[in-house]
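Commentary on secondary and tertiary structure
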Amino acid sequence: MNENNQKEPLQELTVEESFAELDSLVQQMESGGPTLEESFRLYERGMQLLKHCSEKIDLVEKKMLQISEDGELIEF
């Protein structure tokens, strides 16, 4: 993650890195330091990060095993 918390492509971030960046964004916004325009930019990045995390988690859930009706484990 770089100084601006903005430039690292989402595809390259792990869920943990995304949550760490989200935490940083929240701290910046709560500090009262950013201008209104900067707050909007931070909010937009935060929403992108949340969507990225949700997609990664959904992908993992789809790869989890489920038990079929006849008791076999199958990947879905």
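Structure: above.
A few points on the structure. Given the structure is predicted, the values throughout are model-derived calculations rather than measurements.

Evaluation of the coordinates by the stated rule reveals three salt bridges. Across the pair Arg41 and Glu38 runs a salt bridge, and its minimum N-O distance is 2.0 Å. Linking Arg41 with Glu38, this pair stays in helix α2 (residues 36–63), spanning three residues, or about one helical turn. Judged by its relative accessible area of 29%, Arg41 falls in the partly exposed class. Classification of Glu38 as partly exposed rests on a relative accessible area of 25%. Across the pair Glu55 and Lys51 runs a salt bridge, and its minimum N-O distance is 3.5 Å. With Glu55 and Lys51 both in helix α2 and four residues apart, the pair spans about one turn of that helix. Residue classification places Glu55 among the partly exposed positions, given a relative accessible area of 44%. A relative accessible area of 55% places Lys51 in the exposed class.

The biggest cluster of nonpolar side chains holds six residues, and these are Leu10, Leu13, Leu22, Leu25, Leu42 and Leu49. The set of elements that each furnish at least two residues to this core consists of α1 (15–30) and α2. Dropping the residues within four chain positions of it, Leu13 is found in contact with Glu8, Ser18, Glu21, Arg45, Leu49, His52 and Lys56.

Each value, and the rule that gives it
Residues numbered from 1 in each chain as written. Predicted model: local features only at pLDDT ≥ 70, side-chain atom pairs only at ≥ 80, totals over all residues. Heavy atoms only, no water. Salt bridge = Lys/Arg side-chain N within 4 Å of Asp/Glu carboxyl O. Helix = DSSP H or I, 4+ residues; strand = E, 2+ residues; numbered from the N terminus. Buried < 20%, exposed > 50% of the residue type's maximum accessible area, 1.4 Å probe, protein only. Core = buried A, V, L, I, M, F, W, Y, C linked by side-chain atoms within 4.5 Å. Contact = heavy atoms within 4.5 Å.

From the geometry alone we can't say anything about function, so treat these as descriptive.
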